[in-house]
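# Descriptive analysis of the structure
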Amino acid sequence: MAIRRLKDLPKDLDKQISAGFNNVIKIAHFKLSNEESTTPDPMPVWTGFFASSWKAQNSPVTANHKVENFQPWAGIKRERSINFFEKRKQKDFTPQEPPSNPIVQMRFPVGDGDRVFNYRKSVWIGNKAVYSQYVLESGKIQNFIADDLAQIIKENMTEKGKLFIGGKVSEKFKGTTYTVL
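This section reports on the structure supplied with the text. (Residues numbered from 1 in each chain as written. Predicted model: local features only at pLDDT ≥ 70, side-chain atom pairs only at ≥ 80, totals over all residues. Heavy atoms only, no water.)

### Comments concerning the overall build of the chain
Summing up its helical and strand segments, the chain has 5 helices and 4 strands in all. Listing the helices and strands of the chain from first to last along the sequence gives α-α-β-α-β-α-α-β-β. The proportion of buried residues among the 181 residues of the chain is 38%. The contacts in the chain between residues at least 6 apart in sequence include a share of 72% that link residues at least 24 apart. Of the roughly 11500 Å² of accessible surface on the chain, 51% is carried by carbon and sulfur atoms. (Helix = DSSP H or I, 4+ residues; strand = E, 2+ residues; numbered from the N terminus. Buried < 20%, exposed > 50% of the residue type's maximum accessible area, 1.4 Å probe, protein only. Contact = heavy atoms within 4.5 Å. Areas by Shrake-Rupley, 256 points an atom, 1.4 Å probe, with all protein chains shown as cover.)

The structure is reproduced here in structure tokens:
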């Protein structure tokens, strides 16, 4: 007998799909939030704010957090800005070096408490940093989505829920467009 509705799934299969779906979200969130991630490339890290600002939720993630409003990243950015303007005044201008002390701390941890994402509902993973759309220009996040995320899904799930990753700024519509996996 074929099962026609998701709510009619056997309890053990429902739990297995839910566990796999939540595992995919946790692993993807962890890899995006981790500066030590080396596959396919290290994630972009300057102050650490971008890597610290990934969030998973059941609605699109709005990028509305400015680095200047959150310590310790505001202090790192201010220090680098002062350094940049000092270097600019010199005749032998040299490109700015990245800070030696970026701080990566998950600001929006996934899996705290009893929070479990329902595989029957869409989940968005996005970045809260205002400048996140510019970081996407490096292509490292897109490589992660194309290579690593597909592998994570294959390893942890036999059935897919809907998982959206913020991808690019839409030219037609205001805001960010999302890639459906």
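### Quick notes on the nonpolar core
Formed by 27 residues in total, the largest nonpolar core has its most connected members in Phe21, Ile25, Phe117, Ile141 and Phe144. Of all elements in the fold, only α1 (11-32), α2 (49-52), β1 (54-57), β2 (123-127) and α5 (140-156) reach the threshold of two or more residues within this core. Filtering out sequence-adjacent residues up to four positions away, Phe117 remains in contact with Ser18, Phe21, Asn22, Ile25, Ala56, Gln57, Asn58, Val110 and Val123. (Core = buried A, V, L, I, M, F, W, Y, C linked by side-chain atoms within 4.5 Å.)

### Section: the environment of Ile141
Topologically, Ile141 is positioned in helix α5. Sequence separation between Ile141 and Leu32 is 109 residues, and the spatial gap between their C-alpha atoms is 8.1 Å.

### Some points on the pairing of β2
Of all 5 residues in β2, 5 are buried; the element is thus mostly enclosed. In terms of strand pairing, β1 meets β2 through 4 bridges, oriented antiparallel. Opposite Ala56, over in β2, you have Ile125 as the bridge partner. (Pairing = 2+ DSSP bridges.)

### Quick notes on unusual backbone geometry
Omega for the peptide link from Gln71 to Pro72 comes to 10 degrees, which places this bond in the cis form. Within the secondary structure, Pro72 sits in the loop between β1 and α3 (73-89).

### Observations regarding the side chain of Gln57
As for its position among the elements, Gln57 is in strand β1. Polar side-chain contacts of Gln57 include one of 3.1 Å to the backbone oxygen of Ser59. Setting aside residues up to four positions removed in sequence, Gln57 forms contacts with Phe117, Ser122, Val123 and Trp124. (Polar contact = N/O pair within 3.5 Å; in protein donor to acceptor, adjacent residues only side chain to side chain.)

### Quick word on the packing of α1 against α5
Running from N to C, α1 and α5 cross one another at 150 degrees; their axes reach a closest spacing of 10 Å. Between α1 and α5, the angle is such that the two are roughly antiparallel. In this structure, α1 meets α5 at a crossing whose hand is right-handed. Only Ile141, Phe144, Asp148, Leu149, Ile152, Ile153 and Asn156 of α5 make contact with α1, whose side of the interface consists of Gly20, Asn23, Val24, Ile27, Ala28, Lys31 and Leu32. The residue inventory of the contact of α1 with α5, partitioned by class, reads 9 nonpolar, 3 polar and 2 charged. (Axes fitted to C-alpha atoms, helices over the stretch in contact; angles between N-to-C directions. Parallel < 35°, antiparallel > 145°, perpendicular 65-115°, else oblique. Left-handed = near helix turned anticlockwise from the far one by under 90°. Nonpolar A, V, L, I, M, F, W, Y, C, P; charged D, E, K, R; others polar.)

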